[in-house]
Amino acid sequence: SGMLRVFTCLTDDHNPWLIIVAGALCLAGAGVSIAVLRRAAQTVGWSRAGWLLMASVATGTFVWCTHFIAMLAYEPGAMLGFDLLLTLCSVLLAVIGCGAASTLAVTGWRGAATLGGAGLGLSIGLMHYAGMAAFGRGGVIAFDRSYVVASLLAGTGCAIMALRAALRSAAGHGAEEHASGRLGAGRREAVLGTLWLGLAVVSLHLTGMTAVTVTLPRPLALEGTMRTELALAAGGVGLLVLAAVAAAWMIDHQTRAESGNHLRRLADSAMEGLAITQDGLIIEANDTFRAMVGIAALRLLGMPLPGTLLTMRGALESSGGQRQEGRLSHADGSALDVEVVTRDDVPSPGMRIYAFRDLRERREQERRILYVAMHDALTGLPNRARFAQRMDQMLQLAEREDPPHPVALLHLDLDRFKDVNDLHGHAGGDALLRGIGRRLSQAIPAQAFAARLGSDEFGVLLPFTQEAEVFELIVRLESALAEPNHIGGGEVSITAATGIALFPTDATRGDELRAYADLAMRRAKASAGRGLRFYHAEIDVAERHRRQMSEDMRAALKKEHFRLYAQLQIDITTSEPCGHEMLLRWLHPEHGLIPPADFIPLAEENGLILPIGEWVLREACAMAAAHPHLGKVAVNLSPVQFSQPDLPQQVASALAASGLSPWRLELEITETTLMQDQARTVLLLKRIKALGVSVAIDDFGTGYSSLSTLRSFPFDKIKLDRSFMAEIETSPQAIAILRAVIGIGRGLDIPVLAEGVETETQLTLLRAEGCAEAQGYLFGRPEPVPGNRGQPSSNGTLAA
Ligand code: C2E
Ligand code: CA
Ligand code: CA
């Protein structure tokens with residue numbers, strides 16, 4: 001009968017239109033309140049406080065409005081006159097109560113939603129009865145206690161259901177929505193929450209109204225029209241408030257949806273795999289991650305990530321953002337090594353963000369970089385760095401055996417590769433190298449290792465047991481090289497000089513072995529015939545010889561075994577002598593007279609050229625001073641002598657000691673001297689020239705940059721190299737160069753001396769071209785100066 005009473009109360013005693021208005025307002029209000037409350041649960045801090053305020057205003061307003069309009073719909077209005085203050089109080093009560101209950105509900109604590117729901121139900125009840133009291137001021141009202149209790153129970157129960165439904169994992173969903181940007185998830189919960197909340201208000205109100213009995217009817221305080229107006233006013237205000245709150249929610253919703261979409265697109269275009277887990281279960285993942293594990297988006301949601309899909313190498317570090325390595329298992333059973341960065345310093349507890357980078361790609365890239373670093377781009381052969389690495393490995397392995405396993409190092413250097421480049425261009429040269437590289441790598445046996453060591457140099461390492469294997473390899477390499485190269489439509493054949501050094505016979509260290517093979521190659525290059533040399537076969541002898549020569553040279557300085565020979569220079573126009581070039585000789589006690597070309601390079605290497613050069617300077621000056629008929633004397637200076645900053649002082653002191661006037665001394669330098677440190681050399685030359693000594697450029701025309709040499713310093717004489725004389729009678733080019741040099745000399749006002757004049761024809765030619773001076777066997781060989789140091793007066797046959 002209780003239910004019946006409630007029902008009849010609704011149908012009999014109420015204005016149906018206002019009931020509909022009240023119901024609609026109730027439903028709309030419940031919807032807005034639940035939406036805002038859910039939003040509050042998804043946020044923190046001030047944002048949550050703001051949403052909670054909105055939730056309490058929305059809830060309080062709609063509950064009160066619903067109640068107010070429903071009251072006005074109550075037909076047996078005999079009782080009605082209402083108390084404004086109490087009504088306002090009931091609104092305030094509703095707002096405060098709902099606010100407190102909502103705040104409690106969204107804390108996320110255990111049972112918070114239930115407690116909050118209960119609080120909400122009680123607040124609605126409180127408001128209802130306070131409102132009733134406000135209306136009932138004009139009459140005597142009796143409450144049926146059991147109905148009051150029933151109404152509170154119904155309202156509270158429904159409110160609890162409402163909040164439990166609405167806030168079921170609202171926070172979790174909120175986080176997911178936040179990460180994925182996909183809103184609308186959890187719509188079911190929102191709808192359920194709305195219905196339950198609406199039901200809470202309706203059930204409480206109806207049951208509450210049934211509990212009321214008006215015992216003392218009083219005349220109507222409100223007219224029917226007035227009543228409707230009031231109802232509409234209250235409804236309007238309520239709707240306005242709700243609309244404002246709903247607008248705020250919608251703006252926020254739209255903004256998040258948009259930024260969410262941006263985020264999602266951003267995440268999907270990331271190169272890294274991204275996944276978000278809640279309590280270890282995947283709630284979101286981007287395209288890259290889905291591809292990494294080979295699982296579609298829908299199936300991926302809710303799958304556990306760590307432990308199943310992902311195994312970590314080492315313990316999983318969280319939130320630090322450090323890079324760790326792990327392995328993702330792919331749906332097809334394969335595994336993918338990844339670099340993992342995880343973060344869990346995000347607002348929602350239990351949530352973790354994973355970023356994965358495919359290590360395969362990086363490893364592949366590292367491999368490629370290593371390959372490039374270790375290989376020659378042109379031929380694809382390993383390069384010098386790789387060769388050195390491989391040699392060290394091989395020697396280490398070889399050393400472990402007892403006796404050490406022998407390894408041969410072959411150093412090949414193509415002959416006249418530069419010519420191929422000049423003739424066929426760089427493309428032709430490249431093609432040749434590519435072909436040779438290919439054939440070399442095909443020719444070598446499996447245990448050997450070939451590499452390109454330099455532009456036209458190749459190296460081969462061969463571990464062997466019998467020396468015959470080395471010879472077999474040599475034969476194979478030679479026939480590989482001998483194959484004709486097809487370049488630019490023609491055939492180009494090429495040869496190579498090969499130097500071979502053996503481990504451990506020749507050397508036990510890698511760098512030594514390389515140096516020896518290189519040396520052997522140089523010797524092979526220098527020799528005529530088959531360009532092949534073993535290091536050990538001759539190097540002992542050569543090295544010992546060099547050491548002995550150095551010793552002898554030192555002794556020769558002490559024992560005064562050096563001599564200066566003089567070679568006549570003549571003035572071509574007058575055919576008169578104009579000076580002498582002083583040329584060094586070594587009177588070796590065993591080997592006899594040694595020409596300078598045979599010992600000066602060694603002296604330059606071991607540094608003895610410095611004391612020897614100083615001796616030459618002093619001796620030449622002394623001889624010139626003692627023999628005025630020598631005229632001007634020319635002395636050769638080695639490039640090495642220009643490393644001495646006191647070279648000008650040496651010259652000055654030689655002049656002073658001999659008393660020779662400086663204009664009788666000429667110093668000859670070659671272009672090589674100027675090429676090493678031009679600024680410094682020119683400075684020294686200027687100081688020397690300031691002494692009054694003249695400076696000639698020697699061997700002119702053999703260097704690379706003869707013309708720029710002439711610009712760098714004001715030389716007093718150009719000595720045209722003797723190689724031009726040999727060709728001058730047959731080669732028009734040589735004559736052209738002679739003419740050009742004489743022309744330049746004339747232009748710069750520098751006399752030209754032609755070296756190596758051996759025939760009258762040459763002299764006639766030089767005279768016709770206007771060359772100033774000449775020197776050569778035609779006028780005299782380098783000879784000892786008679787009466788000097790007890791030398792035989794003539795020994796021309798011994799000269800070079
Ligand atoms: P250079 O300065 O070009 O000296 C000229 C060389 O040509 C001399 O060889 C000389 O004997 C040679 N010669 C002269 N006329 C003729 C000729 O008509 N036909 C041919 N075929 N050769 C001719 P030498 O004396 O053996 O000297 C060789 C090189 O040694 C010199 O070339 C010079 O660069 C260097 N040299 C000689 N003496 C000294 C010295 O005291 N100090 C330094 N640092 N180097 C020296
Ligand atoms: Ca000279
Ligand atoms: Ca010369």
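Above this text is the structure in question.
Residues numbered from 1 in each chain as written. Chains lettered and ligands numbered in written order. Predicted model: local features only at pLDDT ≥ 70, side-chain atom pairs only at ≥ 80, totals over all residues. Heavy atoms only, no water.

Chemist: Would you take a moment to explain the overall build of the chain for this structure?
Modeler: Helix and strand content of the chain: 26 helices and 25 strands. Sequence-distant contacts in the chain: of pairs separated by 6 or more residues, those separated by 24 or more amount to 66%. (Helix = DSSP H or I, 4+ residues; strand = E, 2+ residues; numbered from the N terminus. Contact = heavy atoms within 4.5 Å.)

Chemist: I tried to follow helix α20 (residues 647-658) on my own but got confused; where do I start?
Modeler: Each turn of an α-helix holds 3.6 residues, which means side chains three or four residues apart point in the same direction. Compared with the 16 Å implied by 1.5 Å per residue over twelve residues, the 17 Å span of α20 between its first and last C-alpha is a close match. Every buried residue belonging to α20 is among L647, P648, Q650, V651, A654 and L655, and all of these are buried. All buried residues of α20 lie within an arc of 160° about the axis, which places them on one face of the element. Opposite the buried face of α20, by more than 90 degrees, sit the exposed residues A656 and A657. Summarising the contacts, the buried residues of α20 are in contact with α19 (609-626), β20 (665-669) and α22 (678-690). The first or second residue beyond α20 is G659, which carries a positive phi of 75°. (Expected span 1.5 Å × (residues − 1). Buried < 20%, exposed > 50% of the residue type's maximum accessible area, 1.4 Å probe, protein only. Arc of directions from axis to C-beta.)

Chemist: Would you explain the coordination of the calcium ion (ligand 2) in this entry?
Modeler: Any two of four tetrahedral donors ideally make an angle of 109.5 degrees at the metal, while pairs among six octahedral donors ideally make 90 or 180 degrees. Every protein donor of the calcium ion (ligand 2) is listed here as E581 (OE), N636 (OD1), E668 (OE) and D698 (OD), and their distances to the metal cover 2.1 to 2.3 Å. Each donor residue of the calcium ion (ligand 2) lies on the same chain, and together they follow the pattern E-x54-N-x31-E-x29-D. A separation of 3.9 Å is found between the calcium ion (ligand 2) and the calcium ion (ligand 3), both of which receive a donor from D698. Separated by 55 residues along the polypeptide, E581 in strand β17 (residues 576-588) and N636 in strand β19 (residues 632-636) bring together distant segments of the chain. (Donors = N, O, S within 2.8 Å, 3.2 Å for Na, K, Ca; no water.)

Chemist: Please explain the coordination of the calcium ion (ligand 3) as it appears in this structure.
Modeler: Only D698 (OD), D699 (OD), E755 (OE) and E755 (OE) from the protein coordinate the calcium ion (ligand 3), and they sit 2.2 to 2.4 Å from it. Read from N- to C-terminus, the donor residues coordinating the calcium ion (ligand 3) fall into the pattern D-D-x55-E.

Chemist: How do you make sense of the packing of helix α14 (residues 417-443) against helix α15 (residues 467-482) when you look at a structure like this?
Modeler: The packing of two helices is summarised by the inter-axis angle and the distance between the axes. Between α14 and α15, the shortest axis-to-axis distance is 9 Å and the interhelical angle comes to 150°. Comparing their axes, α15 and α14 come out roughly antiparallel. Considering how the two elements wind past one another, α14 and α15 form a crossing that is right-handed. Of the residues in α15, those in contact with I436, R439, L440 and A443 of α14 are R476, L477, A480 and L481. Residue classes in the contact of α14 with α15 are distributed as six nonpolar, no polar and two charged. (Axes fitted to C-alpha atoms, helices over the stretch in contact; angles between N-to-C directions. Parallel < 35°, antiparallel > 145°, perpendicular 65-115°, else oblique. Left-handed = near helix turned anticlockwise from the far one by under 90°. Nonpolar A, V, L, I, M, F, W, Y, C, P; charged D, E, K, R; others polar.)

Chemist: I would appreciate a short explanation of a nonpolar patch on the surface in the present structure.
Modeler: On the surface, L27, V191 and L195 cluster together into a nonpolar patch covering about 270 Å² of accessible area. By the element assignment, L195 lies in helix α8 (residues 187-210). (Patch = residues over 30% accessible without salt bridge, like charges linked within 9 Å, V, L, I, M, F, W, Y side chains within 5 Å. Areas by Shrake-Rupley, 256 points an atom, 1.4 Å probe, with all protein chains shown as cover. Salt bridge = Lys/Arg side-chain N within 4 Å of Asp/Glu carboxyl O.)

Chemist: Just to check I follow, could you spell out the packing of aromatic side chains for this structure?
Modeler: Each aromatic ring pair is characterised by the separation of its centres together with the angle its planes make. Enumeration according to the criterion identifies ten aromatic pairs in this entry. For the ring pair F562 and W615, a centre distance of 6.3 Å and an interplane angle of 50° mean the geometry is tilted. Of this pair, F562 sits in strand β16 (residues 562-571) while W615 is found in helix α19, placing the two residues 53 residues apart along the sequence. With a relative accessible area of 16%, W615 lands in the buried category. An aromatic cluster of at least three residues, connected via ring pairs, comprises F562, W586, F599 and W615. One Lys or Arg, R781, reaches over the ring of Y777 and ends 3.9 Å from the middle of that ring. (Phe/Tyr/Trp six-rings, centres within 6.5 Å; stacked < 30°, edge-to-face > 60°. Lys NZ or Arg CZ within 6 Å of the ring centre and 35° of its normal.)

Chemist: Teacher, can you tell me more about the sheet that holds strand β11 (residues 457-463) here?
Modeler: Adjacent strands of a sheet pair through backbone hydrogen bonds, lying either parallel or antiparallel. On the basis of which strands lie adjacent, the open sheet formed by five strands has the order β10-β11-β9-β14-β15 and mixed pairing. Single-partner strands in this sheet number two, and they are β10 (449-454) and β15 (532-534). Neighbour to neighbour, the strand axes of the sheet diverge by 20° on average, direction disregarded. One ladder, built from five bridges, connects β10 with β11; its direction is antiparallel. For R452, the partnering residue across the bridge sits in β11 and is F458. (Pairing = 2+ DSSP bridges.)

Chemist: Help me out: how do you make sense of the site of ligand 1 in this one?
Modeler: Among the 22 residues in the neighbourhood of ligand 1, the closest are listed as Q567, D698, R722, E758 and Y777. Take D698: an N or O atom from its side chain is 2.9 Å from an oxygen atom of ligand 1. The separation between an oxygen atom of ligand 1 and a polar side-chain atom of D699 is 3.3 Å. Calculation on ligand 1 without its partners gives an accessible area of 800 Å², and the protein chains cover 86% of this total. Elements with a contribution of two residues or more to the shell around ligand 1: β17, α18 (596-606) and β21 (694-700). When grouped by side-chain class, the residues that make up the shell around ligand 1 number ten nonpolar, five polar and seven charged. (Near = heavy atom within 4 Å. Polar contact = N/O pair within 3.5 Å; in protein donor to acceptor, adjacent residues only side chain to side chain.)

Chemist: Would you explain the nonpolar core in this entry?
Modeler: As a rule of thumb, soluble globular proteins bury nonpolar side chains together. By size, the foremost hydrophobic cluster in this structure holds 69 residues, and its most contacted members are M553, F562, M582, L665 and L667. Looking at this core, the element that brings in the most residues is α19, giving nine residues. Counting 48 residues, the second largest nonpolar core, distinct from the first, contains L52, C65, C98 and L242. (Core = buried A, V, L, I, M, F, W, Y, C linked by side-chain atoms within 4.5 Å.)

Chemist: Even after reading the chapter, I still don't get the pattern of salt bridges, so can you show me in this structure?
Modeler: One side chain can pair with another of opposite charge once the charged atoms of both are near each other. All chains considered together, the criterion is met by 31 salt bridges. A salt bridge links K719 to E581, with the shortest nitrogen-to-oxygen separation between them at 2.8 Å. Here E581 lies in strand β17 and K719 lies in strand β22 (residues 717-720), a separation of 138 residues in the sequence. With a closest N to O distance of 3.9 Å, E666 and K632 form a salt bridge. In this pair, E666 is assigned in strand β20 and K632 in strand β19, connecting sequence segments 34 residues apart. When salt bridges with common partners are traced through the structure, they connect E272, R323, E339 and R357 into a single cluster.

Chemist: Can you walk me through the pairing of β20 in this structure?
Modeler: Along a regular strand, successive side chains alternate from one face of the sheet to the other. Within β20, five of the five residues are buried, leaving the element largely enclosed by the surrounding structure. Burial of β20 is two-sided: the residues L665, L667 and I669 facing one way and the residues E666 and E668 facing the other way are all buried. The sheet contact formed by β19 and β20 spans four bridges and is parallel. Within β20, the residue paired with N636 across the bridge is E668. Taken together, β19, α20 and β20 constitute a β-α-β crossover, and its handedness is right-handed. Bridging between β20 and β21 involves four bridges; their strand directions are parallel. Among the inter-strand pairings, E668 is bridged to a residue of β21, identified as A696. (Right-handed = clockwise from strand over helix to strand, strands pointing away.)

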